[in-house]
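# Overview (structure and organization)
Listed below, chain by chain, are the residues.
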Amino acid sequence: MPKVAQVIVDIAHSQVDRVFDYALGALCPVPGSRVKVPFGRTQTEGYVVALASETQVPQDKLRPITAILDDAPVIAPALIDLAFWMQRHYHCLLAEALRLMLPPGLRGERIKPKQALFAALAVGEQAALELARGLARRAPRQAQALLALIERGQVLPAAALEKEIPGAREALRALQKKGAVVLRQLEVGRGAYQDLKMEAAQVQPQLSAGQAGCADAIMRGVEGHSGVYLLHGVTGSGKTEVYFACLSRVLQEGRTAILLVPEISLTPQMVARFRARFGAQAAVLHSRLSLGERFDEWWRIRTGQARVAIGARSAIFAPVEQLGLVIIDEEHESSYRAENAPRYDAVEVAARRAQKEGATLVLGSATPSLERYAAARDGRISLLELPERIGGRALPAVQVADMREELARGNRSLFSRALAVRLKGCMARGEQAILFVNRRGHSSFVSCRSCGYVMECPNCAVSMSYHTHPERMVCHYCGHTASVPQLCPECGSRYIKYFGAGTQQVEKALREMLPQARVLRMDLDTTKTKGAHVEILEAFERGEADILIGTQMVTKGLDYPNVTLVGVLAADITLNIPDYRSPERTFQLITQVAGRAGRADLSGQVVIQTYSPEHYAIALAARQDYKAFFEREMRARKACQYPPFAVFARALCSAGQQDEAMRAAKGLQKFIARYMQQHFPQWEGCCLASHVQMAPLSKIKNEYRAQLLLRIAKNDKMKYALEYLQVAFEQWQAQEKWKGHAYFEINPVNMA
Ligand SMILES: Nc1ncnc2c1ncn2[C@@H]1O[C@H](COP(=O)(O)OP(=O)(O)OP(=O)(O)O)[C@@H](O)[C@H]1O
Ligand SMILES: [Zn+2]
Ligand SMILES: [Zn+2]
């Protein structure tokens with residue numbers, strides 16, 4: 001008999017981030033449920049992670065649980081296991097990891113769920129089946145109710161059963177008396193999706209031979225409860241249909257699935273297709289839904305009413321059971337990595353979850369990350385390929401416009417002649433165009449064409465961004481504003497200009513060139529309100545505009561048959577970001593946005609405007625030649641010993657004074673060297689480089705940022721080296737009692 005509950009208290013602090021034992025007394029919480037417990041002099045909430053019959057805590061010190069907060073577990077056992085893994089793997093707090101797995105809004109009772117009666121089996125399926133057989137004649141409703149519970153293997157709302165089987169409530173009470181069923185008052189949703197149409201019988205295209213081959217391979221993995229696949233398919237090759245085919249087959253087998261997309265608000269088409277296809281079985285996890293709606297979706301998954309979930313990064317924690325398949329679309333996107341604590345990588349978490357729960361993982365992309373493609377080529381994961389577009393359609397024809405030449409020929413406008421001509425042609429034919437405005441971050445900065453002066457924020461080491469409404473310079477890191485200079489403060493020149501023209505300037509220039517064109521703009525400014533993304537994209541889809549201008553937001557997954565022209569403005573801007581992944585990101589961006597053109601019957605054209613047409617990332621993106629880019633970039637990475645041939649680890653130390661930050665980073669460097677020498681003799685063979693320098697973004701909000709950058713060789717000792725490094729960093733923090741901020745990151749998401 002369990003006497004003790006092992007509890008994690010919901011306090012995110014390293015000193016209490018462990019399991020505490022509490023006496024059960026008369027209470028009997030289920031693992032995964034929340035409890036109220038005495039803690040120090042107060043009461044706090046916690047999660048029961050396990051029950052035990054013994055404890056090391058002496059009897060007189062063992063305090064009892066105060067109350068049980070949930071009848072049913074809110075966190076599934078598999079997810080508790082995952083939280084422990086995250087604590088070890090990401091050195092995050094257990095409480096932080098568990099918070100990702102809780103129903104939205106449940107912490108601290110911010111929302112009050114409605115209550116309803118739910119039923120679940122209290123006996124094993126076999127026993128239930130026998131009982132149902134025995135009852136079939138005498139009490140057909142009880143038998144039917146039992147069968148429904150067996151079939152769906154989950155908790156079901158009594159009201160839903162009542163609809164299917166009139167009189168189900170009494171039948172359930174009778175079954176409860178027999179000990180076959182438990183009935184509980186549980187929390188329910190407010191019916192945001194109750195009117196969800198059952199459109200599961202929607203038309204599904206016949207898969208092409210290539211698609212069918214990929215789907216079959218994936219399903220063999222699913223049947224074998226294992227496998228990691230990289231699905232590399234060019235833009236418009238029909239990867240989404242492969243996903244959907246696999247998802248429905250997984251559902252048919254009675255298992256569940258998760259589909260991750262980079263940013264759910266940017267993929268309304270995908271969500272609509274998904275809803276139409278999976279009807280009430282589908283749950284959409286979306287941060288822009290209201291708290292109540294989010295809770296409802298979560299709850300539908302938790303109770304097994306919905307068995308396939310779509311969502312961004314955090315949907316990997318969807319509380320599904322009997323997981324069969326996880327699909328990650330556009331796996332190369334950096335949004336799968338959390339930039340705040342707990343800093344997890346959803347692809348890694350998915351791999352771990354899939355492995356532990358016997359599920360298959362599929363990573364899809366037209367431009368896979370180098371590391372993933374290398375893994376596939378080395379046979380560490382399975383490679384599936386869709387080298388052609390659906391229906392044998394051609395990839396769009398690409399022209400590169402050299403903007404230096406344009407300027408030399410006296411063209412000072414934002415549009416090359418090639419792009420201008422094609423835009424006009426596109427309009428004349430009544431087709432649509434997308435203009436992608438590549439920008440560094442989200443800024444368009446002001447610089448002097450005579451002396452090269454760039455207007456920077458006085459508090460941060462970044463250029464300030466030009467805004468038109470109202471006309472001001474704004475720092476996107478600290479919010480500092482200034483007026484727009486008319487003369488260069490350095491040299492007095494009048495030729496001070498906005499460089500890397502923003503979407504607003506492109507729109508203005510476009511309206512001047514093509515006054516009759518109907519233009520939509522999608523950027524940070526136009527998408528502030530809830531639902532704005534969807535409205536803009538849907539209006540464009542309905543043909544209410546001819547040209548869609550947008551930032552990185554328009555590069556993802558859009559599939560509009562009438563789009564025949566894509567223009568890329570300032571293709572090289574992202575090349576100049578000080579990060580070893582800049583060529584890779586530039587290649588991905590251009591290839592993805594080019595892939596939006598000519599996806600249906602009309603053929604597509606792309607114009608790429610650049611100041612560095614000779615750069616391989618641009619030249620190869622123009623050819624949409626992933627493999628050539630992969631080879632070229634791998635050679636470059638190998639020559640420099642960059643990932644995937646090594647791993648970066650970075651400690652960032654920030655302080656009010658530059659020398660203070662540098663001193664801290666240097667102190668840490670010495671500490672690590674000494675620590676590793678003492679504890680990890682193989683360190684010398686592992687550490688390829690150790691530099692201290694100011695970070696590329698050397699100042700944010702008047703805090704100077706110095707970094708220690710370590711490069712670790714990829715060998716069999718790497719895992720230990722990284723573990724020791726992490727410990728060394730934690731020890732340094734504990735001993736140094738340094739007042740500034742420091743954080744340590746393996747494989748930094750961005751190197752700025
Ligand atoms: N088997 C098929 N038969 C007919 N049409 C199909 C088939 N498969 C996909 N399509 C259509 O082809 C278009 C491209 O497919 P889809 O959006 O799945 O491609 P994708 O590979 O996911 O593209 P991207 O990576 O560029 O976003 C869609 O309009 C889709 O409806
Ligand atoms: Zn100047
Ligand atoms: Zn600033």
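What you are looking at is a predicted structure, and each value in this text was computed from that prediction instead of being measured.

All right, on to the sheet that holds strand β30 (residues 741-746) then. Strands sit in the order β28-β29-β27-β30 across an open sheet of four strands; the sheet is antiparallel. At either end of the open sheet lies a strand with only one pairing partner, and these are β28 (687-700) and β30. Neighbour-to-neighbour, the strand axes of this sheet turn through a mean angle of 15°, independent of strand direction. Here strand β27 (residues 646-655) runs beside strand β29 (residues 703-713); their pairing, made up of 10 bridges, is antiparallel. Across the sheet, Ala651 pairs through a bridge with Leu708, a residue of β29. Packing of helix α20 (residues 658-679) onto the sheet brings it into contact with β27, β28 and β29, and relative to β29 it is tilted by some 25°.

Close to ligand 1 lie 19 residues, the nearest being Gln206, Lys239, Thr240, Asp559 and Arg599. One nitrogen or oxygen atom from the side chain of Gln211 is found 2.8 Å from a nitrogen atom belonging to ligand 1. Within the contact set of ligand 1, an oxygen atom lies 3.3 Å away from a backbone nitrogen or oxygen of Ser237. For ligand 1, the accessible surface in isolation is 640 Å², of which the surrounding protein chains cover 81%.

Here we take up the environment of Lys627. Within the secondary structure, Lys627 is located in helix α19 (residues 626-640). Linking Lys627 and Tyr373, residues 254 residues apart in sequence, is a C-alpha distance of 9.5 Å. With residues up to four places along the chain from it excluded, the contact list for Lys627 reads Tyr373 and Glu385.

This part takes up the packing of helix α7 (residues 209-223) against helix α8 (residues 239-252). Direction vectors running N to C along α7 and α8 enclose 35°, while the axes themselves pass 9 Å from each other. As α7 packs across α8, the resulting crossing turns out to be right-handed. The residues of α8 that touch α7, namely those facing Gln211, Cys214, Ala215, Asp216, Ile218, Met219 and Val222, are Glu241, Val242, Cys246, Arg249 and Val250. Counted by class, the contact of α7 with α8 contains eight nonpolar, one polar and three charged residues.

Moving on, we get to the environment of His480. Along the chain, the position of His480 falls in the loop between β20 (472-474) and β21 (481-482). For His480, a relative accessible area of 27% corresponds to the partly exposed category. Considering only alpha carbons, one finds His480 and Glu730, 250 residues apart in sequence, at a separation of 34 Å. Once you skip the residues sitting within four places of it in the chain, His480 turns out to touch Cys457, Pro458, Asn459, Met464, Met473, Val474 and Cys475.

With that out of the way, let us pick up the domain arrangement of the protein chain. Each domain of the protein chain was delimited in the assignment, giving domain 1 (4-101), domain 2 (115-187), domain 3 (209-390), domain 4 (397-441 + 503-638), domain 5 (445-499) and domain 6 (646-746). Inter-centroid distance (C-alpha atoms) of domain 2 to domain 4 is 57 Å.

Applying the stated criterion across every chain, the model contains 22 aromatic pairs. For the pair Phe20 and Phe39, a centre-to-centre distance of 5.3 Å together with 85° between the ring planes defines the contact as edge-to-face. In this pair, Phe20 sits in strand β2 (residues 19-23) while Phe39 sits in strand β3 (residues 34-39), placing the two residues 19 residues apart along the sequence. Looking at Phe20, the relative accessible area reads 14%, which means it is buried. Seen from the ring of Tyr616, Arg632 lies directly overhead, with NZ or CZ sitting 3.9 Å from the centre.

Attention now moves to the pattern of salt bridges. Across all of its chains, the model carries 30 salt bridges by this definition. Among the ionic pairs, Arg542 bridges to Glu544, the shortest N-O distance being 2.7 Å. Given a relative accessible area of 53%, Arg542 falls into the exposed group. In this structure Glu544 comes out as partly exposed when scored by relative accessible area, which is 44%. What emerges from the salt-bridge pattern is a single network uniting Glu507, Arg511, Arg521 and Asp523.

Time to look at the nonpolar core. Nonpolar side chains tend to gather and get buried jointly when the protein is soluble and globular. One finds Ile75, Met86, Met101, Ile328 and Leu548 to be the most contacted residues of the largest nonpolar core, which totals 93 residues. The element best represented in this core is helix α1 (residues 77-90), accounting for seven residues. Apart from residues lying up to four places away in sequence, Ile328 is in contact with Leu260, Tyr336, Ala346, Val347, Ala350, Leu361, Val362, Leu363 and Gly364.

The next point concerns the UniProt feature "binding site: Zn(2+) 2" (unreviewed entry) in the protein chain. The residues that UniProt annotates with the feature "binding site: Zn(2+) 2" (unreviewed entry) are Cys457, Cys460, Cys475 and Cys478. A maximum C-alpha distance of 8.7 Å is found for the annotated residues, which run over 22 residues; spatially they form one tight group. Residue position: Cys460 is located in the loop between β18 (445-448) and β19 (465-467). Exposure remark for Cys460: the relative accessible area of 1% places this residue in the buried category. When residues no more than four places from it in sequence are discounted, the contact partners of Cys460 are Cys475, Tyr477, Cys478, Lys699, Ile700 and Lys701.

Cut-off values and rules
Residues numbered from 1 in each chain as written. Chains lettered and ligands numbered in written order. Predicted model: local features only at pLDDT ≥ 70, side-chain atom pairs only at ≥ 80, totals over all residues. Heavy atoms only, no water. Pairing = 2+ DSSP bridges. Helix = DSSP H or I, 4+ residues; strand = E, 2+ residues; numbered from the N terminus. Axes fitted to C-alpha atoms, helices over the stretch in contact; angles between N-to-C directions. Contact = heavy atoms within 4.5 Å. Near = heavy atom within 4 Å. Polar contact = N/O pair within 3.5 Å; in protein donor to acceptor, adjacent residues only side chain to side chain. Areas by Shrake-Rupley, 256 points an atom, 1.4 Å probe, with all protein chains shown as cover. Left-handed = near helix turned anticlockwise from the far one by under 90°. Nonpolar A, V, L, I, M, F, W, Y, C, P; charged D, E, K, R; others polar. Buried < 20%, exposed > 50% of the residue type's maximum accessible area, 1.4 Å probe, protein only. Domains from an automatic or database assignment. Phe/Tyr/Trp six-rings, centres within 6.5 Å; stacked < 30°, edge-to-face > 60°. Lys NZ or Arg CZ within 6 Å of the ring centre and 35° of its normal. Salt bridge = Lys/Arg side-chain N within 4 Å of Asp/Glu carboxyl O. Core = buried A, V, L, I, M, F, W, Y, C linked by side-chain atoms within 4.5 Å. UniProt positions renumbered as here; feature names shortened; annotations may be inferred.

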